[in-house]
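If you want the building blocks of each chain, they are given just below.
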Amino acid sequence: MRVRLGLMVLLAALAATASAAAEGGPAWEACVGLTSTPDQRVKACTTVIDTGSETGKRLAGAYCNRGHGLTEKRDLEAALSDLDEAVRLDPDYACAYNNRGRVYSFKRDYDRAIADYDQAIKLDPSLALAYSNRGESRFNKGDLDGALADFDAAIKRDPNYALAYGNRGLVHYRKRDMAHAIADYTMRIKLAPDLLAYIDRGNVYRDSEQLDRAAADYGEAIRVAPTDARGWRNRGMIRLYQGDNKGGLSDYDKALLYDPSDVYSWNNRGQARLRLGDKQGAIADFRKALELKPGLATAQDSLRKLGALQ
């Protein structure tokens, strides 16, 4: 599970021409190189395109990869134009359809995204990424069974595809199949442990009332990303559930240090302070929560009970 669905990560396939990089110069290598940043990719692919040094599939690859870089920069209209050109230059090029589907997905045009992923899969049935991306679009349309089938297909084609395990875990979670969700998130952690992997599994443990395991996963999230507020505020919530008010207060102090805009951290720290007898501190926190989100019922109720609702 993600903290918000919008955190769900979509990856795009790079042009299947990287192995030919040695045939080009530095611009070509940066255009198709797997480690290039979006800015580097856009600049390098623009050089390749503008110099007219490539034709056919390689030119389509330059447009496809520049479209990828532009998508990463969220310049979606320019990316769409490049990917349309890549399709025009080589209608049998799976990369262009996959990457264009990703642009449509960002634009929330999921039907067109799915149509492009369908074409990418038709052209290259081994392309695990296209199955995973199509699964995400199906998920966003509410088609959980279709999404699950696509993530199964992605994992079948690439058993080490960490993101597909995470996404399949999300589908299992939404279907309330907690055991399979935990199994998928565990594999995700085994393959690529990071902040979201631990938070996702921790959330499933939390909702399964396995609070000690949830707290342990949030602790791992803190370990791998100590300046990210999400690990701290999630563990803080568990500590409050478990009656560890001092531990919860400490965690919310950290959460607010790294993300002072999170209204629920202010509200929950107010609860911790109230339980510890710090009435004035609690009032200050509840008021801050209301400042950030006017009308927040829990903060209003707490202030009303404290006789401090203004």
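The structure presented is a predicted model; accordingly, all values stated were derived computationally and were not measured. Residue positions within a chain follow its written sequence, with the count starting from 1. In keeping with the predicted nature of the model, local features appear solely for residues at pLDDT of at least 70, side-chain atom pairs appear and are counted solely at 80 or more, and the whole-chain, interface and lining totals rest on all residues. Side-chain calculation: all heavy atoms of the structure are included, whereas hydrogens and water are not.

A.B. asks: Just checking my understanding: could you explain the overall build of the protein chain for this structure?
C.D. replies: A run of H or I in DSSP counts as a helix once it spans at least four residues, and a run of E counts as a strand once it spans at least two, with each numbered from the N terminus. Looking only at helices and strands, the protein chain has 17 helices and zero strands in total. For the protein chain, the spread of C-alpha atoms along the principal axes amounts to about 75 × 40 × 35 Å. When the accessible area of the protein chain is evaluated, it comes to approximately 14,200 Å², of which 50% is carbon and sulfur surface. Here the protein chain holds 46 positive side-chain charges and 43 negative ones, and the gap between their average locations is 5 Å. Note that accessible areas follow from Shrake-Rupley with a 1.4 Å probe, and for residues the cover is restricted to the protein chains shown. Residues counted as positive are Lys and Arg, residues counted as negative are Asp and Glu, and His and the chain ends are not counted. Note on charges: their place is set at NZ of Lys, CZ of Arg, CG of Asp or CD of Glu.

A.B. asks: What should I look at first to understand the packing of helix α14 (residues 245–258) against helix α15 (residues 263–275) in this one?
C.D. replies: The axes of two packed helices give the description: the angle between them and the distance between them. Remark: α14 packs on α15, axes separated minimally by 9 Å, with the N-to-C direction vectors making an angle of 150°. Taken together, α14 and α15 sit at an angle that is classed as roughly antiparallel. The crossing of α14 and α15 is left-handed. Where α14 abuts α15, its residues Asn 245, Leu 249, Tyr 252, Asp 253, Ala 255 and Leu 256 lie against Ser 265, Trp 266, Asn 268, Arg 269, Ala 272, Arg 273 and Arg 275. Classifying every residue of the contact of α14 with α15 gives six nonpolar, three polar and four charged. All axes here are fitted lines through C-alpha atoms, helices being fitted over the stretch that makes contact, and every angle between N-to-C directions spans 0 to 180 degrees. The cut-offs work like this: below 35 degrees is roughly parallel, past 145 is roughly antiparallel, 65 to 115 is roughly perpendicular, and the gaps in between are oblique. Each crossing gets its handedness from the near helix: less than a right angle anticlockwise from the far helix is left-handed, clockwise is right-handed. We call two residues in contact when some of their heavy atoms are within 4.5 Å. All amino acids are sorted into three groups, where Ala, Val, Leu, Ile, Met, Phe, Trp, Tyr, Cys and Pro are nonpolar, Asp, Glu, Lys and Arg are charged, and the leftover types, Gly among them, are polar.

A.B. asks: How do you make sense of the side chain of Ser 137 when you look at a structure like this?
C.D. replies: Inspection of the secondary structure puts Ser 137 in helix α7 (residues 128–140). When sequence neighbours within four positions are dropped, the list of residues in contact with Ser 137 reads Ser 105, Tyr 110, Ala 113, Ile 114 and Tyr 117.

A.B. asks: When you look at the nonpolar core in this model, what are you seeing that I'm missing?
C.D. replies: Residues Cys 31, Cys 64 and Tyr 161 are the most contacted members of the largest nonpolar core, which totals 43 residues. Setting aside anything within four residues of it in sequence, one finds Cys 64 in contact with Leu 83, Ala 86, Tyr 93, Cys 95, Ala 96 and Asn 99. For the purposes of this section, nonpolar cores are sets of buried Ala, Val, Leu, Ile, Met, Phe, Trp, Tyr and Cys residues that join through side-chain atoms within 4.5 Å. The classification of residues rests on relative accessible area computed with a 1.4 Å probe and restricted to protein chains. Under 20% of the type maximum is buried, over 50% is exposed, and intermediate values are partly exposed. Listed in part, the 24 residues of the second largest apolar core include Leu 170, Ala 197, Val 204 and Ile 238.

A.B. asks: Explanation requested: the packing of aromatic side chains in the structure shown.
C.D. replies: Aromatic ring pairs are defined here through the distance separating the ring centres and the angle between the ring planes. In summary, the pairing rule links any two rings of Phe, Tyr or Trp, Trp by its six-membered ring, whose centres are within 6.5 Å, and it sorts them by plane angle into stacked for under 30 degrees, edge-to-face for over 60 and tilted for everything else. Counted according to the given criterion, the structure contains zero aromatic pairs. Look at NZ for Lys and CZ for Arg. If either is within 6 Å of the ring centre and within 35 degrees of the ring normal, a charge sits over the ring. The lysine or arginine in question, Arg 58, covers the ring of Trp 28, its NZ or CZ lying 4.1 Å from the ring centre. Arg 176 extends its terminal NZ or CZ atom over the ring of Tyr 173, reaching a point 4.8 Å from the ring centre.

A.B. asks: Help me understand unusual backbone geometry in this model?
C.D. replies: Generally, phi is negative for residues other than glycine and the peptide bonds are trans, each holding for most cases. If you check the backbone angles, Arg 74 has positive phi at about 60° while not being a glycine. Mapped onto the elements, Arg 74 comes out in the loop between α3 (56–72) and α4 (76–89). The phi angle at Arg 176 is positive, at roughly 65°, despite the residue not being glycine. Looking at the secondary structure, you find Arg 176 in the loop between α9 (162–174) and α10 (178–191).

A.B. asks: Looking at this structure, I do not really get α10. What am I missing?
C.D. replies: Every α-helical turn comprises 3.6 residues, leaving residues that sit three or four positions apart pointing alike. By this rule the span expected of a helix is its residue count minus one, scaled by 1.5 Å. End to end, α10 covers 20 Å across 14 residues, agreeing with the expected 20 Å (1.5 Å per residue, within 8%). Among all positions in α10, only Met 178, Ala 181, Ile 182, Asp 184, Tyr 185, Arg 188 and Ile 189 are buried. Summarising the axial view, the buried residues of α10 lie within an arc of 165°, below the 170-degree limit, and thus occupy one face. Residues of α10 that are exposed and angled more than 90 degrees away from the buried face: Ala 179 and Lys 190. Buried-residue contacts for α10 involve α9 and α11 (195–207). Throughout, the arc means that of the directions going from the helix axis to the C-beta atoms.

A.B. asks: I tried to follow helix α5 (residues 94–106) on my own but got confused; where do I start?
C.D. replies: Here α5 contains 13 residues, and its C-alpha end-to-end distance of 19 Å stays within 8% of the 18 Å for a straight helix at 1.5 Å per residue. Here α5 lies mainly inside the structure; twelve of its 13 residues are buried. All of the buried residues along α5 are Ala 94, Cys 95, Ala 96, Tyr 97, Asn 98, Asn 99, Arg 100, Gly 101, Arg 102, Val 103, Tyr 104 and Ser 105. Against α3, α4, α6 (110–123) and α7 lie the buried residues of α5. Where α5 terminates, the next one or two residues include Arg 108, which has phi positive at roughly 65°.

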